[in-house]
Every structure is written in C-alpha cells, then in structure tokens.
Amino acid sequence: MSVMKSYSSGRFFTIGLVTAWYSSNIGVLLLNKYLLSNYGFKYPIFLTMCHMTACSLFSYIAIAWMKMVPMQTIRSSVQLMKISALSLVFCASVVSGNISLRYLPVSFNQAIGATTPFFTAVFAYLMTLKREAWLTYVTLIPVVTGVVIASGGEPSFHLFGFIVCVAATAARALKSVLQGILLSSEGEKLNSMNLLLYMAPIAVVFLLPATLFMEENVVGITLALARDDINIVWLLLFNSALAYFVNLTNFLVTKHTSALTLQVLGNAKGAVAVVISILIFRNPVSVTGMLGYTLTVIGVILYSEAKKRSKRESNL
C-alpha cells in the first residue's frame with residue numbers, strides 16, 4: 001500500500017513539474033510577444049537583460065542559499081573564457097528570438113524554432129566532423145520542408161522577422177554543440193543550474209552596453225511608461241522571474257525524467273504553445289501553414305527516434 005502511495009505521489013510530483021515547465025515556457029513566450037508586439041514595448045535587448053539579471057539573482061539564491069544543487073566552481077581562466085563564449089552565443093539566441101516576436105506570430109516563431117535539430121546536426125558535423133547515420137539525416141528533410149511550406153502559407157510572414165528567428169534557432173543549436181565541445185572534460189562539466197549561475201551575469205555584462213548603445217534612453221522611457229501605467233513594472237518583473245523559472249523547471253524535469261521524455265515533451269510543448277497563442281492573439285493561420293508546422297513536428301519526432309536507434313546500435 002505504501003509503495004503504491006509513494007508511486008502515486010511521485011507520479012503527481014512529475015506531472016506537477018511538467019505542468020510548471022509548460023506553463024513557465026509558454027508564459028514567457030506569450031508575455032514576450034505581448035510586451036514586444038501588442039503592448040508596444042519595443043526594447044528586446046533591454047527585456048533580455050532583465051531576464052538575465054533575474055537569472056543571476058535567483059540562481060545565486062537557489063544554489064548559495066537554498067542549496068538546491070552543490071555549487072561548482074570555475075577552475076581556470078580558460079574555463080571562464082569558454083563559459084563567456086557560450087554566454088555570448090546564448091545572448092545572441094535570446095535577443096534574436098525576442099526581436100523576431102516583434103514581427104512574427106508565436107505560432108510561426110515556434111514552427112521555425114522546431115528546426116533546431118537541423119542546425120544542431122549541421123554544426124555538429126562542421127565543428128566535430130561527427131557524422132550521424134544516414135537515416136538521421138533523412139529525417140531532417142521533413143523538418144526543413146515543413147518550415148518552407150509553413151512560410152509559404154503564413155499570412156503574417158515578415159522577411160526580417162523570419163531571418164532573425166532563423167538566426168535565433170541557429171544560435172540555440174550552436175550553443176548546445178559548443179557546450180558539448182567546450183565543457184566536455186570531467187573537470188569542466190557543469191550542471192545546467194551552475195552553468196546559468198555563471199552565464200547570466202556575463203550575459204548582463206554583454207547586454208548592458210548593447211542596450212545603452214542600441215536602445216537609447218530605454219530606462220528613462222520605461223520609467224515614463226511606468227508613471228502612466230504601473231502595470232509595465234509588474235509585467236517586466238513577473239516576466240523576468242518567469243524566465244528563471246523556465247530554466248529551473250527544465251533542470252528539474254530533466255532530473256526527474258529521462259532525456260527521451262524531455263524530447264517528447266518538448267515537441268508537444270511547441271504544439272501547445274501554437275494553439276494557445278492562436279487562441280489568445282487571434283493571429284490568422286492558414287491550412288497550408290498548419291500542415292507545414294505539423295510536418296516539421298513529425299520530422300522532429302522521427303529525428304529523435306533515429307538518434308535513439310543509432311545510439312542503441314552504437315552501444316551494441
């Protein structure tokens with residue numbers, strides 16, 4: 001009876017974690033879209049800096065004070081340089097993604113974002129000359145074809161937004177490949193919470209001059225907006241806290257489930273985000289666009305299966 005009870009409570013805990021991960025992920029995405037597009041707060045670099053500042057603060061509280069995971073220290077200046085390089089790519093990814101939300105609906109943004117496996121495979125081959133099984137590369141065809149079809153059928157297509165969103169997706173893939181290369185030795189490996197603890201403050205250092213140079217007087221404008229509508233302050237604070245919660249729940253879901261489960265849940269999350277964004281923002285969608293996105297998601301699922309199969313065969 002007690003075994004059944006602990007199993008049931010463990011299952012509810014996992015469901016709760018996944019729900020929190022979905023809610024925070026989709027919540028940040030929709031809030032970013034609302035702020036940058038609907039509300040008219042046209043400062044994506046400053047918004048990203050707010051996110052990274054919150055991640056710096058909450059990461060320190062979670063690790064140094066709450067002891068959620070043991071603190072891992074940076075062992076050398078070389079390791080610090082590697083983390084800084086990762087942070088720069090990470091900044092490029094998040095800022096580009098936020099800029100694209102000014103021009104593209106969330107549904108189309110998610111369709112392009114689903115092509116991450118394609119860019120990951122390309123960068124892995126270019127940087128490590130690591131070849132996948134031919135079947136893995138074949139599964140990337142529907143991934144890319146789906147986005148091409150979705151682009152052709154997207155009523156709100158915007159060329160600059162599309163280019164920036166593709167750049168964000170490529171940078172996200174580059175960061176994951178670089179992370180595998182740069183922090184591959186046992187002495188340099190950091191869990192995702194400790195990596196964020198060091199990457200977030202470095203990101204703020206990169207983003208601050210970019211914000212001051214590219215988004216002139218953004219602090220003054222934000223304060224002026226706050227005098228007219230105090231809600232902007234609460235929206236920015238809540239959005240920034242949610243950005244950290246995305247990373248925290250992602251770490252916990254990874255810890256309490258398997259990597260494969262995370263992949264499957266990630267694929268489903270994109271589809272859920274698309275449906276919710278269409279319901280909230282009422283952006284027009286075409287049958288062609290939805291067919292294209294569906295084809296991309298199917299391609300990503302097939303890619304995951306092909307990767308799992310080739311890994312199993314290599315272990316035999």
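Scroll up to find the structure.
Model, not experiment: these values are computed from the prediction.

This paragraph deals with the overall build of the protein chain. What the protein chain contains, in helices and strands, is 12 helices and zero strands. Listed by position from the N terminus, the elements making up the protein chain come as α-α-α-α-α-α-α-α-α-α-α-α. Against the compact-globule benchmark of 20 Å for 316 residues, the protein chain has a radius of gyration of 20 Å, which places it among compact chains. Per-residue burial over the protein chain gives 47% buried out of 316 residues. For the protein chain, the share of sequence-separated contacts (at least 6 apart) that also reach a separation of at least 24 residues comes to 86%. With an accessible surface of roughly 16,300 Å², the protein chain has 70% of that area assigned to carbon and sulfur atoms. Separation of charge centres in the protein chain, based on 22 positive and 10 negative side chains, amounts to 9 Å.

Quick look at a nonpolar patch on the surface now. On the surface, a cluster of nonpolar side chains totalling about 540 Å² of accessible area is made up of Val122, Tyr125, Leu126, Met127, Leu129 and Ile181. Residue contributions to the nonpolar patch peak at four residues, all from helix α5 (residues 116-128).

With respect to the helices and strands, the residue Thr211 is situated in helix α8 (residues 192-214). Judged by relative accessible area, Thr211 falls into the buried class, the value being 2%. One polar contact links the side chain of Thr211 to the main-chain carbonyl oxygen of Leu207, over a distance of 2.7 Å.

Here we take up the environment of Arg172. Looking at where Arg172 falls in the secondary structure, it is placed in helix α7 (residues 159-182). Taking relative accessible area as the criterion, Arg172 reaches 38% and is therefore assigned partly exposed. Sequence separation between Arg172 and Thr116 is 56 residues; the distance between their C-alpha atoms is 7.3 Å. Excluding its chain neighbours within four sequence positions, the residues that come into contact with Arg172 are Ser93, Gly113 and Thr116.

At a minimum axis distance of 9 Å, the contact between helix α2 (residues 44-65) and helix α3 (residues 77-103) shows a crossing angle of 130°. With respect to their mutual orientation, α2 and α3 come out oblique. As for the relative orientation of α2 and α3, their crossing is right-handed in sense. When α2 is examined against α3, the residues Pro44, Ile45, Leu47, Thr48 and Met52 are found in contact with a partner set consisting of Phe90, Val94, Val95, Asn98, Ile99 and Arg102. Partitioning the contact of α2 with α3 into residue classes produces eight nonpolar, two polar and one charged.

It is worth spelling out the nonpolar core at this point. Counting residues in each nonpolar core, the largest one holds 63 residues, and the members touching the most others are Phe46, Met52, Met193 and Leu207. Secondary-structure elements contributing two or more residues to this core are α1 (2-38), α2, α3, α7, α8, α9 (218-228), α10 (231-256) and α11 (259-281). Those residues within four positions of Met193 in sequence are excluded, and the remaining contacts are Ala62, Ile63, Met68, Val69, Tyr244, Leu248 and Phe251. Counting 11 residues, the second largest nonpolar core, distinct from the first, contains Ile112, Val147, Ala150 and Val274.

What counts and how
- Residues numbered from 1 in each chain as written.
- Predicted model: local features only at pLDDT ≥ 70, side-chain atom pairs only at ≥ 80, totals over all residues.
- Heavy atoms only, no water.
- Helix = DSSP H or I, 4+ residues; strand = E, 2+ residues; numbered from the N terminus.
- Rg over C-alpha atoms; globule rule 2.2 N^0.38 Å.
- Buried < 20%, exposed > 50% of the residue type's maximum accessible area, 1.4 Å probe, protein only.
- Contact = heavy atoms within 4.5 Å.
- Areas by Shrake-Rupley, 256 points an atom, 1.4 Å probe, with all protein chains shown as cover.
- Lys, Arg positive; Asp, Glu negative; His and termini not counted.
- Charge placed at Lys NZ, Arg CZ, Asp CG, Glu CD.
- Patch = residues over 30% accessible without salt bridge, like charges linked within 9 Å, V, L, I, M, F, W, Y side chains within 5 Å.
- Salt bridge = Lys/Arg side-chain N within 4 Å of Asp/Glu carboxyl O.
- Polar contact = N/O pair within 3.5 Å; in protein donor to acceptor, adjacent residues only side chain to side chain.
- Axes fitted to C-alpha atoms, helices over the stretch in contact; angles between N-to-C directions.
- Parallel < 35°, antiparallel > 145°, perpendicular 65-115°, else oblique.
- Left-handed = near helix turned anticlockwise from the far one by under 90°.
- Nonpolar A, V, L, I, M, F, W, Y, C, P; charged D, E, K, R; others polar.
- Core = buried A, V, L, I, M, F, W, Y, C linked by side-chain atoms within 4.5 Å.

Shape descriptors only; they carry no functional weight alone.
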